[in-house]
Structure formats: C-alpha cells, structure tokens
Protein chains: 2
Amino acid sequence: MEEKKETIRPLTQEAIAQAKDLLHSAGFGALAVLDPESGAPLVSRVGVATDFDGAPLIFVSALAAHTGALQADGRCSLLVGEPSKGDALSYPRLSIICLAREIARGSDEHGRMLELYLAHLPKAKLYAQLPDFRFFRLEPQSASLNGGFGKAYLLSRANLMVESQPD
Amino acid sequence: MEEKKETIRPLTQEAIAQAKDLLHSAGFGALAVLDPESGAPLVSRVGVATDFDGAPLIFVSALAAHTGALQADGRCSLLVGEPSKGDALSYPRLSIICLAREIARGSDEHGRMLELYLAHLPKAKLYAQLPDFRFFRLEPQSASLNGGFGKAYLLSRANLMVESQPD
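Residues numbered from 1 in each chain as written. Chains lettered and ligands numbered in written order. Predicted model: local features only at pLDDT ≥ 70, side-chain atom pairs only at ≥ 80, totals over all residues. Heavy atoms only, no water.

Asker: Pulling in residues and values, what's your account of the overall build of chain A?
Answerer: Scanning chain A from N- to C-terminus turns up 5 helices and 7 strands. Counting from the amino terminus, helix and strand elements in chain A follow one another as α-β-β-β-α-β-β-α-α-β-β-α. Summarising its shape, the C-alpha atoms of chain A cover approximately 45 × 35 × 35 Å along the three principal directions. Across the 167 residues of chain A, 56% fall into the buried class. Considering only contacts within chain A whose residues lie at least 6 apart along the sequence, 68% involve residues at least 24 apart. (Helix = DSSP H or I, 4+ residues; strand = E, 2+ residues; numbered from the N terminus. Buried < 20%, exposed > 50% of the residue type's maximum accessible area, 1.4 Å probe, protein only. Contact = heavy atoms within 4.5 Å.)

Asker: Could you give me a rundown of the interface of chain A and chain B, with the residues and numbers involved?
Answerer: Contact with chain A, which involves 49 residues of that partner, is made by 49 residues of chain B. Of the roughly 3,800 Å² buried between chain A and chain B, counting both surfaces, carbon and sulfur atoms make up 66%. If you sort the residues of chain A by the area they bury against chain B, A:P41, A:V43 and A:R45 come out on top, with a joint share of 20%. Between chain A and chain B we count 2 salt bridges in total. With its nearest N and O atoms 3.5 Å apart, the salt bridge here joins A:E82 to B:R45. Linking chain A with chain B are 9 residue pairs in polar contact (both at pLDDT 80 or more), by the criterion used here. The set of elements that each furnish at least two residues to the side of chain A that touches chain B consists of β1 (28-34), β2 (41-50), β4 (75-80) and β5 (93-102) of chain A. Ranked by residues supplied to the side of chain A that touches chain B, first place goes to β2(A) with 7 residues. When its residues are assigned to classes, the side of chain A that touches chain B shows 28 nonpolar, 9 polar and 12 charged. (Buried area = accessible area lost by both parts, 1.4 Å probe. Salt bridge = Lys/Arg side-chain N within 4 Å of Asp/Glu carboxyl O. Polar contact = N/O pair within 3.5 Å; in protein donor to acceptor, adjacent residues only side chain to side chain. Nonpolar A, V, L, I, M, F, W, Y, C, P; charged D, E, K, R; others polar.)

Asker: Go over the pattern of salt bridges with me, naming the residues and quoting the values.
Answerer: Residues and elements named next belong to chain B. Inspection of the entire model under this criterion finds 20 salt bridges over all chains. Between R137 and D51 there is a salt bridge, with the nearest N and O atoms lying 2.7 Å from each other. Taken together, the positions of R137 in strand β6 (residues 133-146) and D51 in the loop between β2 (41-50) and β3 (56-61) put the pair 86 residues apart, joining distant regions of the chain. A residue is classified by how much of its surface remains accessible, and R137, at 6% relative accessible area, is buried. Since its relative accessible area comes to 4%, D51 is described here as buried.

Asker: Help me get a handle on the relation of the copies chain A and chain B, residues and values and all.
Answerer: When chain A is fitted to chain B, the residual RMSD is 0.0 Å, and the transformation amounts to a turn of 180 degrees plus an axial shift of 0.0 Å. Such values leave the two copies arranged in the relation of a two-fold axis. The residues that chain A uses at the interface reappear at the interface of chain B in 100% of cases, marking a shared surface. (Least-squares fit on C-alpha atoms with pLDDT ≥ 70 in both.)

Asker: Describe the packing of aromatic side chains, with residues and values.
Answerer: Residues and elements named next belong to chain A. In the structure shown here, the tally under the stated rule is 12 aromatic pairs over all chains. Arranged with centres 6.5 Å apart and planes meeting at 25 degrees, the rings of F59 and Y127 form a pair that is stacked. Taken together, the residues span a long stretch of sequence, with F59 in strand β3 (residues 56-61) and Y127 in helix α4 (residues 125-128) at a distance of 68 residues. In this structure F59 comes out as buried when scored by relative accessible area, which is 1%. Looking at Y127, the relative accessible area reads 3%, which means it is buried. (Phe/Tyr/Trp six-rings, centres within 6.5 Å; stacked < 30°, edge-to-face > 60°.)

Asker: Could you give an account of the confidence of the model for chain A, with specific residues and numbers?
Answerer: On average, residues of chain A score 92 in pLDDT, and 94% of them are at 70 or above. Scored as a complex, the prediction yields pTM 0.94 and ipTM 0.93. (pLDDT = per-residue confidence, 0-100.)

What follows is the structure in structure tokens.
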C-alpha cells in the first residue's frame, strides 16, 4: 500500500491508536479479493470483528464470490472506517493488506471466533447457524492509515496487533 | 462477480432502479485495484460521482497508491452503498467491475467531469485545483447488486447505464 514517500508522515503513537480504533470498532468493511477466473480485483462488503490478538475476522457465505476467491488465493485487502456527513475523504480510514486463512467449521477456533464475532455483532446470530458460513482470519501484512485528507501513515503488522509499539 | 447460480435472483426493473440509485447517490466508495508490484488486491476510499451516461467518475491524487495502480492496470472494482444502523449486511450495496480510463488534465473531458463532480460533491473544491488530482472514468463491465441479505442480482453494463432496460 505504498504512497509516494513525500506524502507519508512519520508514524506516531496517536496514528497507531487511531488505526487500531478504526479496526476494533468496525462492524463491517470492504474486502478486495482476486477473481479466480480473471485475476481482476473484486470488492464487496463483509462483516468484520477482531480476534483476541487484533487480527480481523470475517464471517462469510460459501455462496458469495469473495469466499471462493479467498479459497483460491488468500491475498486480500480490507478497508475499515466509515465517514459521516460532509467530505467523505476528510474521515479516517485504514486499508490493510492481509493473507486470509479459512477456519474449519466445527473446529475449536471456529467456536472461539463465533463467540467473539457474536459479542461484537449480535445480529449475525440470524445466519450464524447456516451451514455455508465460515470464518476467515485475515493475517495483516501491512496497512495504510489515511487519518483524513493528506494525513497518510504506513503501518507494519506489529503496529496493528494488540500490545504493539511504534517501530 | 459471480455468485453460485442458485443464489442469484432473476433481474427486475426494481433491482435495476435500486442499483442505479445506489450508484447515482454515492459520494464515495471503496475501490479495489491491483498492486503493480505484487499483483495483490488493494482497497481504498475514493470520492465518486457519475458521468452523464451513468459511468462512475473518480477524482484521485497522483500521490495515492490507487492512482499508480490504475495507470499500470485499469482493471478495478467499485463498491457503493452505505449501511445505516443495525446489521450492515442487511443494507443494499453494489459491486461494479470496471475498466478505468485516465482523463488528461486540461482536456475538455476533464472540464466537463469537474463540473459534474463539483455539482455532486461541492466540498471537493478544496482540492480540485491541486495539480496532482485527475479523473478516471470507470467503464462498467458488469455488476453485482446485493439488495440485502440473500437478495443477489447480476447486472450487465447496459443495465447500469442511463436509459437502460432489463435484458
């Protein structure tokens, strides 16, 4: 998620805190994946929670295009942070580059994630029991925080995870 | 943006109207592009307006990663439609598969698009004159409407453009 060097600000504790807050408070996001047939990018909405260590969790239907795409190639990118009134580009948002790992239904991990996910998004109970829904844990590789117009920061995986410090 | 056939509903006039409304009323969206170095997907927020014929227009900084990515490979995907309170997945959204075409600054097309864009997003005046901003017209190839949980439709380019009818 490079931007030209001169536009990137030095990373601060405040920027790290803002990035984590955007991720931890997100209930949904935009997920970009690669279309397995064409290799073209596809973007769609997904529900989002975070795992105990801060990694994003998504809970998606096997019937949706993004699920098959992630099964074919786990490289993906997640955008979180929603604007309010006025210029949408003045509101902070976080783009995370991730590698997705599918979690087997019925595994201990699935159970643990479902508990976290439903605590964060109780309305997901409506489809939590549908057999086509499964979790992917999105392992952050790096991220780009745009804290509002012109305020760009690059973050490492360590910066995003719980308990991290600036590099 | 394929989903498995059994989940796709037959296209209706109402679905076409909903898709167009989501696009025409959007002031921003999530844009997925391909990272030119890695080929991985990247997603970021962009401001969005529509051209006279209904094609999405984005106005982006040359300093942003998505701009260089589109210059290297015009394949992209745009998500529009924002949730309100409650389950984000119960709100309609539209994922459009597009090919981006860059518009030269100073061209007649640029002038026309700037007029449309500022009429739609007046706050963009703040950066309209910055020399690193340029338009891309996103030519829709196809689209996927999710009209709320389980209500999926596939649309053609013709369905999305102004004056279109169902196939």
